[in-house]
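# A closer look at the structure
The chain contents come next:
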Amino acid sequence: MTDPRLDLLLQDCPGLRLTTEPAELEHYGRDWTRRWTPAPLAIALPGNVDEVQAILRWASAQGVAVVPSGGRTGLSGGAVAANGELVLSLERMNKPLAFDAVDRTLTVQAGMALEAVHNAALEHGLIYPVDFAARGSCSIGGNIATNAGGIRVIRYGNTREWIAGLKVVTASGELLELNKGLIKNSSGYDFRQLLIASEGTLGVIVEATLKLTDPPPASNVMLLALPSFEVLMQVFAAFRERMQLQAFEFFTDRALEHVLAHGAQAPFAEVHPFYVVTEFAAGDEVQEAAAMAAFEACMEQGWVSDGVVSQSDAQAAQLWRLREGITEAVARYKPYKNDVSVRISAMPAFMARTQALIGQAYPHFDVVWFGHIGDGNLHINVLKPDATDDAQFLQQCEHVTKLLAQVLKDFDGSISAEHGIGLVKKGYLDSTRGEAEIALMQAVKRAFDPQGLLNPGKVFDL
Ligand code: FAD
Ligand code: MLT
Ligand code: ZN
């Protein structure tokens, strides 16, 4: 190790896995955003809580900034280390620790992949219901640090709903045990909830006690083709009033084109402007009949032009791929991502205004719209035209986001529905949070991390 501070770290924490290999610095210094050049000091891969505590004690004594790091699938630059920080990867702390059948909780290390959590819950006949396409590579710690949403929020809520307890190491190396799995606890401030969505700025989550629930009955997946987005909410209402929906996801013809070009199978003979993937319980004839009644009502009204229902698990997966494959399919165009939310009822008006705004300012932009429309969350991805250079494209996209932030203010919406603020949306935090609220957030940050060493420069500057 060439930096003497790293020798001190190894003295304090003998046996710690620590690397400064250039390929590792590159690998662990970036997330999915790929916008910043990685430049971490080193990568620490602790194997237990004691090592995490030793790292943070050392960091606070040496004044070294630390970036907590999970699967680095984040889309807001939260796990980027571009300024000589130590990356603290939870990757090796990836095991289930305890299951409690009475409490229906599963305690896990924070580096466990979301999919591994799903599988561990299923081994006990239960589910951990938060789910989305990055399940194989994102970590539960990263999910908690971003309050991840995903495809089943309308049925089960965000990550926040499923956290019964957290173990967190603070900037000074103290271990906090937050809520300890209790259901009722009115003993003062709930720091567990404060840590959720804190994006690595308040503490390092090392363990989580997750609530589990019963698996849903057999479900069907239905793909609907829609003639316009104005009818989206009518279709949503028609289905929701008849059945328990588990998902109601939306994408456009442009999104579908990219997924098909990426190897997916076309669902209909004709192209339609908008699509919805919905999933609902289909365990018995009553539920099946309700789904058909909703579909027929929508067809009669002209809100739906075509539809297909999965007849097997394989077909359900195929239909889901059309929605879940969008992120991968557009990745090669270096999309500028907006991840916004408004109240569900405001969605059509918000979409119309946003579409007009982007269309007027940048008519040549290739905009891919998709998202979790049933919970008011829209993803607006602007794809970089080959002819435009990176800097100019970024400048134009930042301009669009500035306009979008103003619209969101008018709609009382959020500039980050589920991806977090990180670096990407830091300049727009004030479109969603008031001045006094941001000042309080900064005061909380100072209370937890007086030296400003935990993920500095993310969410806001101090
Ligand atoms: P990272 O990217 O490693 O980190 C994210 C943030 O959390 C950073 O600020 C980091 O410092 C902090 N952090 C990580 N681990 C810890 C820890 N142990 N303690 C404290 N802070 C920590 N997100 C959604 O919400 N819904 C979706 O539907 C969705 N779909 C996606 C699909 C694809 C294909 C991809 C690539 C991403 C998607 N995401 C989605 C975004 C991303 O997967 C989530 O934000 C996820 O929760 C990040 O987890 P991670 O382990 O990769 O975190
Ligand atoms: C999604 O809903 O697919 C994710 O949030 C990923 C993305 O926005 O690209
Ligand atoms: Zn999403």
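Residues numbered from 1 in each chain as written. Chains lettered and ligands numbered in written order. Predicted model: local features only at pLDDT ≥ 70, side-chain atom pairs only at ≥ 80, totals over all residues. Heavy atoms only, no water.

Attention shifts here to the overall build of the chain. Summing up its helical and strand segments, the chain has 15 helices and 16 strands in all. On C-alpha atoms alone, the chain measures out to a radius of gyration of 23 Å, which is about the 23 Å that the 2.2 N^0.38 rule sets for 462 residues. Judged by the C-alpha coordinates and their principal axes, the chain covers about 70 × 55 × 45 Å. Going through the 462 residues of the chain one by one, you find that 53% of them count as buried. Contacts in the chain between residues at least 24 apart in sequence constitute 73% of all its contacts with a sequence separation of at least 6. Here the chain carries 38 positive and 54 negative side-chain charges, and the mean point of each set is 4 Å from the other. (Helix = DSSP H or I, 4+ residues; strand = E, 2+ residues; numbered from the N terminus. Rg over C-alpha atoms; globule rule 2.2 N^0.38 Å. Buried < 20%, exposed > 50% of the residue type's maximum accessible area, 1.4 Å probe, protein only. Contact = heavy atoms within 4.5 Å. Lys, Arg positive; Asp, Glu negative; His and termini not counted. Charge placed at Lys NZ, Arg CZ, Asp CG, Glu CD.)

Turning to the sheet that holds strand β14 (residues 336-341), a few remarks are in order. Pairing in this open sheet of seven strands is antiparallel, and the strands run β13-β10-β12-β11-β15-β16-β14 from one edge to the other. At either end of the open sheet lies a strand with only one pairing partner, and these are β13 (306-309) and β14. Along the sheet, successive strands turn relative to each other by an average axial angle of 15°, direction set aside. Note that strand β15 (residues 366-372) and strand β16 (residues 377-383) share seven bridges and pair antiparallel. Looking at the pairing, Gly371 lines up with Leu378 of β16. Packing of helix α10 (residues 285-301) onto the sheet brings it into contact with β10 (219-226), β12 (274-281) and β13, and relative to β10 it is tilted by some 5°. (Pairing = 2+ DSSP bridges. Axes fitted to C-alpha atoms, helices over the stretch in contact; angles between N-to-C directions.)

A few words on the environment of Gln395. One can find Gln395 in helix α14 (residues 390-411). Among the residues examined, Gln395 registers a relative accessible area of 58% and is labelled exposed. When the C-alpha positions of Gln395 and Leu223 are compared, they lie 37 Å apart, and in sequence the two are 172 residues distant.

As a further point, take the sheet that holds strand β7 (residues 163-169). Sheet architecture is open: five strands sit in the order β5-β6-β9-β7-β8, paired in antiparallel fashion. Here the strands that pair on one side only, and so sit at the sheet edges, are β5 (96-100) and β8 (175-178). Mean inter-strand twist for the sheet, computed between neighbouring axes without regard to direction, equals 10°. With six bridges joining them, β7 and strand β9 (residues 204-211) adopt antiparallel strand pairing. Considered in β9, the bridge of Val169 is made with Val204. Its contacts with the sheet place helix α3 (residues 49-62) against β7, β8 and β9, and it is angled at close to 145° to β9.

Summarising burial for strand β11 (residues 245-252): eight of the eight residues are buried, a large majority. Of the strand pairs in this sheet, β11 and β15 are connected by two bridges, and their pairing is antiparallel. By the bridge assignment for β15, Phe251 is matched with Phe370.

Below, the discussion takes up the coordination of the zinc ion (ligand 3). A metal bound by six donors in octahedral fashion has ideal angles of 90 or 180 degrees, whereas one bound by four tetrahedral donors has an ideal angle of 109.5 degrees. Taken together, His372 (NE2), His379 (NE2) and Glu418 (OE) make up the full set of protein donors to the zinc ion (ligand 3), lying 1.9 to 2.1 Å away. Between consecutive donors of the zinc ion (ligand 3), the numbers of intervening residues give the motif H-x6-H-x38-E. One end of the pair, His372, is in strand β15; the other, Glu418, is in the loop between α14 and α15 (435-448), and 46 residues separate them in sequence. Take His372: its relative accessible area is 4%, and that puts it in the buried class. Exposure remark for Glu418: the relative accessible area of 10% places this residue in the buried category. (Donors = N, O, S within 2.8 Å, 3.2 Å for Na, K, Ca; no water.)

Once that is clear, we can look at the site of ligand 2. Neighbouring ligand 2 are the residues Leu75, Arg323, Thr327, Lys337, Phe370, His372, His379, Glu418 and His419. In the environment of ligand 2, an oxygen atom lies 3.0 Å from a nitrogen or oxygen atom belonging to the side chain of His379. Contact with the protein chains covers 87% of the free accessible surface of ligand 2, which is 270 Å². Broken down by class, the residue content of the shell around ligand 2 amounts to two nonpolar, four polar and three charged. (Near = heavy atom within 4 Å. Polar contact = N/O pair within 3.5 Å; in protein donor to acceptor, adjacent residues only side chain to side chain. Areas by Shrake-Rupley, 256 points an atom, 1.4 Å probe, with all protein chains shown as cover. Nonpolar A, V, L, I, M, F, W, Y, C, P; charged D, E, K, R; others polar.)

This part takes up the site of ligand 1. The environment of ligand 1 is made up of 36 residues, and the closest members are Pro68, Gly70, Gly71, Thr73 and Ser139. In this structure, Pro68 approaches ligand 1 through a main-chain N or O atom, which is 2.6 Å from an oxygen atom. Within the backbone of Gly71, one N or O atom sits 2.8 Å away from an oxygen atom of ligand 1. Summarising the interface, the protein chains cover 97% of the accessible area of ligand 1, which totals 980 Å² for the free molecule. Secondary-structure elements contributing two or more residues to the shell around ligand 1 are β3 (66-69), α5 (140-146) and β9. The dominant element in the shell around ligand 1, judged by the number of residues it contributes, is α5, at five residues.

Take the confidence of the model for the chain next. For the chain, mean pLDDT is 96; residues scoring 70 or higher make up 100% of the total. The ipTM value of the predicted complex is 0.99, and its pTM value is 0.98. (pLDDT = per-residue confidence, 0-100.)

Between its first and last C-alpha, α14 extends 31 Å over 22 residues, near the 32 Å set by a 1.5 Å rise per residue. Considered for burial, the residues of α14 that qualify are Phe393, Gln396, Cys397, Val400, Thr401, Leu404, Ala405, Val407, Leu408 and Phe411. The residue sitting at the N-terminus of α14 and contributing the capping side-chain oxygen is Asp389; that oxygen lies 3.1 Å from the backbone nitrogen of Ala391. One or two steps after α14, the chain reaches Asp412, where phi turns positive at roughly 55°. (Expected span 1.5 Å × (residues − 1).)

This part is about the pattern of salt bridges. What the rule picks out here adds up to 20 salt bridges. The shortest N-O distance in the salt bridge between Glu26 and Arg30 comes to 2.5 Å. A salt bridge links Glu324 to Arg135; the nearest nitrogen and oxygen atoms lie 2.9 Å apart. With a gap of 189 residues between them, Glu324 in helix α11 (residues 313-324) and Arg135 in the loop between α4 (114-122) and α5 connect regions that are remote in the sequence. The class for Arg135 is buried, based on a relative accessible area of 17%. Each member of the salt-bridge network shares a partner with another, and the members are Asp131, Arg135, Arg152, Glu279 and Glu324. (Salt bridge = Lys/Arg side-chain N within 4 Å of Asp/Glu carboxyl O.)

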